[in-house]
Amino acid sequence: MTQRILLHMTAPLREDFDISYHDIGAEFGPPRIALVAGLHGNELNGVFVLSRLAAFLQEVAEGQQAGLQLRERAIIIPAVNILGLNTLNRHWPFDNTDINRMFPGYDAGETTQRIAHTVLEVTRLAHYRVDLHSASLDFEELPQVRLYDPTEDERAKARLFGLPAVIERPTNTIFTVTIGHAWKAYGGGNFVLRAGYAGNLQLPHCEQLFHALVVFLREPASYRERQWWRSLRRMCIISAWSRWLASSPKPLACSSQTWRWAAGNKLETSSDMSSMASMGSSVLK
Amino acid sequence: MHIHHDSILTLELPYRERLALRRTVFHGGDGPKVFVLAGVHGDELEGLYVCHRLAAWLEDLASTHPEAFLGQVELFPAMNPLGLDTLQRLVPVYETDLNRNFPGHAQGPLPQRIAEAAMRHLHDTALVIDIHASNIFLREIPQVRINQTFAGTLVPLARRMNVDLIWVHGAVTVLEATIAHSLNSRGVACLVVEMGVGMRVTPAFTEQLVIGILNLWRDLGVLAADLEIPAPSRMPLLANDHNVHYLNAETSGLFIPAVEHWISVHTGKLLGRIVSPYGGNILSKVRSPVDGILFTRREYPLVYEGSLMARIMSTDAAGEDPHGFPRPLGEGQGEGVR
């Protein structure tokens, strides 16, 4: 495993700790893709998915996945906020800052600014960049791709993930301090993937995310298309997500979202997530 | 003078409570309207006491010189009432910083609704003052912080606030989702005050700032020009991105300061030590990189590497004043400037 140290840090009273990353594939040249998860310490789906993806790509790189070849370099950071992860805290627990509100960061600044700077440095040269999140503790998100003021290329490539929804949103004042916004300064394709809810793992969502990332990586520049496709179909037979692949709906493109929020009432869902809703139908009560 | 209390936003909480964004309105005449905001962060109490002192002063004015009150003052001491009542900096449940949610959204989650209600309400005003303490980690001298983009309008106002420092930030370091940036972007003048330390009140800073606010209100026509108010005693230093030096911890440990806050320091001056609780060793010595004035000093002892311990404004650059400031008070006088 090509696991490397992204940042070595001391702690006031505990042992030193590291934020690590995986550098897999071609040794030279900029990464084709960089993937980041765990900027929020209580969002576990992305951490699990990227850990698994790193192991999978390492197997591919070592020739242990028959018919597959890793042709490009991939950078994977499964967990940035490891102190938050170990204490199930969305924020950096010491000062309660949100690491995903600290970008682009500063190498001589506050702790979380330094972390943000380091993460940006190792990911910014990639052609594609993906940031994985869960929703908060309060909602569950259908696995989706989020785009912020996307380019035409981002809009087209977002569909390659094969997730049920692609949501476009305008850049807003909150977004300007996130890693997604910092990445946009370097061009390329930038995607935020969201699935499930914080505080726990939702394995079906993880399967879908893992599958989506692998599908995305089959882009011809990363894999030999034909070999990949044959391999993928073999894999599908033995995995639960083959059924999903067969019935994968076309991505839904949204140019705007209507937010509904209620106070003073306990909410109960009256329909399953991802089911279709007609105008006026009850989705919450 | 008419005084009343009401709310500009009320939201039902899940169980038998309501959240209200409360204000106190002092109405004198048809002169300019001004606002004072505090408690955007639930762990910052300095502004709450400022609101109390301003309210007490206005109530006294109502009984002694009501004719001298020409405008309207609205005090919002608790912008984040849930956070204040539960001792949390962020908005409880949503775990988000209210001051990263502006301009907000009327149909959004609770923090964005508070932000939207505030933005909708704060208009047709001569001035909004948003008072912050520092967080629990740092102690700050009374200061006004201004985005360079709005410096032309705001620095002349800030000069009359009786603060010790005006800090003009470059545009790249400014957070766009704050209430101040959102208001100033819409042409509503908003000054951000920082002073003291989180979870505490510093009465001396409060009295200093109240004098500045009253003088500024009089200059704006909220108060009669002939009303007698104590004169400002501070001539603020002017800080910017070039003359402010940050001292961040080289390693984690326990920071023990060696100097008082708000003193003149010289290059190499020992400001504190980072020590190990596990042994008698000193992990790091913190020294001033420049000759200057220590205007931020760490209050909370534990540090991670990177934690901010101090900010120093170099005094050799203090005279390079694009806004025509005179030389700062106390410069070169050694320790104990204030």
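Residues numbered from 1 in each chain as written. Chains lettered and ligands numbered in written order. Predicted model: local features only at pLDDT ≥ 70, side-chain atom pairs only at ≥ 80, totals over all residues. Heavy atoms only, no water.

### Here's the deal with the overall build of chain A
From N to C terminus, chain A includes 8 helices and 9 strands. By the burial criterion, 50% of the 285 residues in chain A qualify as buried. Excluding contacts between residues fewer than 6 apart, the proportion of contacts in chain A whose partners are at least 24 apart in sequence is 69%. With the model as given, the accessible surface of chain A reaches about 13,400 Å², and the carbon-plus-sulfur share is 53%. (Helix = DSSP H or I, 4+ residues; strand = E, 2+ residues; numbered from the N terminus. Buried < 20%, exposed > 50% of the residue type's maximum accessible area, 1.4 Å probe, protein only. Contact = heavy atoms within 4.5 Å. Areas by Shrake-Rupley, 256 points an atom, 1.4 Å probe, with all protein chains shown as cover.)

### Remarks on the pattern of salt bridges
For the structure shown, the criterion picks out 27 salt bridges over all chains. Here Lys157(A) ties to Asp153(A) by a salt bridge, and the two come within 2.8 Å at their closest N and O atoms. Placement of the pair is Lys157(A) and Asp153(A) together in helix α4 (residues 152–158), with a separation of 4 residues, close to one helical turn. Here Lys157(A) falls in the buried class, since its relative accessible area comes to 16%. Among the ionic pairs, Glu116(B) bridges to Arg120(B), the shortest N-O distance being 3.0 Å. Residue Glu116(B) and its partner Arg120(B) are both found in helix α3 (residues 110–121); the two are separated by 4 residues, about one turn of the helix. (Salt bridge = Lys/Arg side-chain N within 4 Å of Asp/Glu carboxyl O.)

### Focus on the side chain of Arg129(A)
Residue and element names in this part refer to chain A. For Arg129, the position within the fold is in strand β5 (residues 128–133). Of the buried charged residues, Arg129 lacks a salt bridge, with Glu154 as the closest side chain of opposite charge at 6.6 Å. Among the polar contacts listed, one links the side chain of Arg129 to the backbone oxygen of Trp183, at a separation of 3.4 Å. Reaching out from Arg129, the side chain makes a polar contact with the backbone oxygen of Gly187 at a distance of 2.6 Å. (Lys, Arg positive; Asp, Glu negative; His and termini not counted. Polar contact = N/O pair within 3.5 Å; in protein donor to acceptor, adjacent residues only side chain to side chain.)

### Considerations on a nonpolar patch on the surface
Where nonpolar side chains cluster on the molecular surface, the patch consists of Phe48(A), Leu201(A) and Leu203(A) and spans about 240 Å² of accessible area. With respect to the helices and strands, Leu201(A) occurs in the loop between β8 (189–196) and α6 (203–217). (Patch = residues over 30% accessible without salt bridge, like charges linked within 9 Å, V, L, I, M, F, W, Y side chains within 5 Å.)

### Here we look at helix α3 (residues 111–123) of chain A
All names here are of chain A. Compared with an ideal rise of 1.5 Å per residue, which puts 13 residues at 18 Å, α3 spans 19 Å between its outermost C-alpha atoms and is within 8% of the ideal. Of all 13 residues in α3, 10 are buried, a share of seventy percent or more. Those residues of α3 that sit buried are Thr111, Thr112, Arg114, Ile115, Ala116, Thr118, Val119, Leu120, Val122 and Thr123. (Expected span 1.5 Å × (residues − 1).)

### Quick look at the confidence of the model for chain A
Summarising the model, chain A shows a mean pLDDT of 82, and 76% of its residues fall at 70 or more. Across residues 221–270 of chain A the pLDDT falls below 50, and counting only partners more than four positions away or on other chains, this stretch makes 94 contacts in the model. (pLDDT = per-residue confidence, 0-100.)

### Digging into the nonpolar core
Counting residues in hydrophobic clusters, the biggest one holds 56 residues, and the most contacted among them are Met161(B), Leu191(B) and Trp217(B). Of the residues forming this core, the biggest block, 7 residues, is contributed by helix α6 (residues 203–220) of chain B. In contact with Leu191(B), other than residues within four places in its own chain, are Leu127(B), Val128(B), Ile129(B), Asp130(B), Val144(B), Ile146(B), Leu154(B), Leu157(B), Ala158(B), Met161(B) and Leu216(B). If you look at the next biggest cluster of nonpolar residues, it comprises 35 residues, including Ile24(A), Ala74(A), Tyr128(A) and Leu217(A). (Core = buried A, V, L, I, M, F, W, Y, C linked by side-chain atoms within 4.5 Å.)

### Side note on the interface of chain B and chain A
Contact residues are listed per partner, giving 38 residues for chain B and 28 residues for chain A. For the pair chain B and chain A, the interface holds 8 residue pairs in polar contact (both at pLDDT 80 or more). Going through the elements one at a time, β1 (2–12), α3 and β16 (302–303) of chain B are the ones with two or more residues in the side of chain B that touches chain A. At 3 residues, the largest contribution of residues to the side of chain B that touches chain A is made by α3(B).

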